[in-house]
Each structure stands twice: as structure tokens, then as C-alpha cells.
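Fold and contact review
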Amino acid sequence: MKQNSGSVVLGVTGGIGSGKSTVSRILEEFGAVVIDADKISRDVVMPGEKALEELSEVFGRDILDAQGQLQRKKLAHIVFNDNEKLQKLNGILHKYVAERINDNVKEQQIKRTKIIVIDAPIPIKNGFLDLCHRVWTITANRELRIRRIMERSGMSRDEAVSRINSQLDEQEYIKIADTVIYNNYDYSHLKEDVKSQLTGLLG
């Protein structure tokens, strides 16, 4: 698929508090179309969606409320501390998210969109790495990430640290990157860095 289009598919990833979403918004300002994997993961579990049907078959109808909406806390409680169930949950979600991302990328390629950004906190192989020409990892100093999470969400320090620790290790994110953007300064510095990297990418 990558060889048949004039579009550049750019993967943007990074842990919580790194500034990944901010980089995606900046790229949008520069004309990119952003495919938000987080939003898609919420969309695919709406009532009537195949993913929600499969989840209710695997984990039971009790995960749905009276209106047929997913009760996220109930599902989280089921998979909590059960790695086998968690893997099953992730496998189902990733399958449908990857399918939707793939469809969206194809749609933008048909439109000859110049820059297609896949914004994904979890850099899964199918539906992310296999579609991207380049992957940017956004990272930042750990203490700065903790402070950002606390400021924007009201979490305690322990909660913020726990959220960081629940994600991939920073070196795992860096390992898959073609480009690493260090977001340790202010917004204007980040924007200039993104602009410079984008110019280099487009040649």
C-alpha cells in the first residue's frame, strides 16, 4: 500500500505527558490529516459496533449497561490482574482499531492527502508500524512528564508515575523511531522542531 501513493504516512507515538498529541496538533496546523487511534478505540466500542459485540460475547453481557453502552470500569475490573484476559481484550480492540486506521489511511491516500499522521499511544505492528513510512517518537524528561500529567489531569504524583509505568518503557518507544523529538522546552521550541523535521521529511 505504501508504494502506490504519493502520500507520506507518518506515525507519531510516545508515552503520556510526552507531548505526542501536541505534536499531532502542530502537524495538523501544517496541513496534515491526523488519524487519532485513541478516538478510534472509543468509536469501535460504541453500541452497534462489531468490537462491542465481540467483547460482550467474550466477557459477558454484564459489561453493558441498560442502554447497551460499554461499562468501561466493569470491563477494567474483569481484566485487572488477569494477564490472559487483558491480552484477549487488547487483541480484540487492536484488531478493530487497526482495521479502522487502515481504512482511514486508504481513504486519505485516494484523496492524495500529502501528510497522513497516525497518532497512536501504543505502537502496534498491525495498523501502525506496517502502514508508516516514518515513525516519530515524542519524549521528554520524566519529571517534566509527571508535572504535565498532574497539572492537566489533577492526578497525584503517585497516580501520574503509575500511568507512566503502565505504558511501554521509554527505550521501547525510542527503539522503533526513525526520529526522536525531545519535548523538554516550551511550545514555540517544539513547534520549530516539528517544522524543521517536517521540512526534512518532505525534502
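Residues numbered from 1 in each chain as written. Predicted model: local features only at pLDDT ≥ 70, side-chain atom pairs only at ≥ 80, totals over all residues. Heavy atoms only, no water.

Considerations on unusual backbone geometry
Notably, Asn 81 is not glycine yet its phi reads approximately 65 degrees, a positive angle. Mapped onto the elements of the fold, Asn 81 is located in the loop between α4 (72-79) and α5 (83-110). At Arg 112, a residue that is not glycine, the phi angle is positive and equals roughly 65 degrees. Within the secondary structure layout, Arg 112 lies in the loop between α5 and β3 (115-119). (Helix = DSSP H or I, 4+ residues; strand = E, 2+ residues; numbered from the N terminus.)

A word on the side chain of Ser 24
For Ser 24, the location among the structural elements is in helix α1 (residues 20-29). Among residues more than four places away in sequence, those in contact with Ser 24 are Val 12, Val 34, Val 117 and Asp 119. (Contact = heavy atoms within 4.5 Å.)

Digging into the side chain of Arg 145
Position of Arg 145 relative to the elements: it lies in helix α7 (residues 142-153). Within the buried core, Arg 145 has no salt-bridge partner, and the shortest N-O distance to an opposite charge, that of Glu 170, equals 5.0 Å. Apart from the residues lying within four places of it in its own chain, the contact partners of Arg 145 are Gly 15, Ile 16, Gly 17, Ser 18, Ala 140, Ile 164 and Gln 167. (Buried < 20%, exposed > 50% of the residue type's maximum accessible area, 1.4 Å probe, protein only. Lys, Arg positive; Asp, Glu negative; His and termini not counted. Salt bridge = Lys/Arg side-chain N within 4 Å of Asp/Glu carboxyl O.)

Here we look at the layout of surface pockets
By volume, the second largest pocket amounts to about 200 Å³. Lining the second largest pocket are 17 residues, and of these Arg 142, Arg 145, Ile 164, Asp 169 and Glu 170 lie nearest its centre. At the level of secondary structure, the elements contributing two or more residues to the lining of the second largest pocket comprise β4 (134-139), α7, α8 (157-165) and α9 (170-175). Sort the elements by how many residues they give to the lining of the second largest pocket and β4 lands first, with three residues. (1 Å grid on protein atoms, 1.4 Å probe; cavity = no way out; pocket = protein on both sides within 12 Å on 5 of 7 lines; lining within 4 Å. Points joined across faces, edges and corners; volume = space filled by probe spheres on them.)

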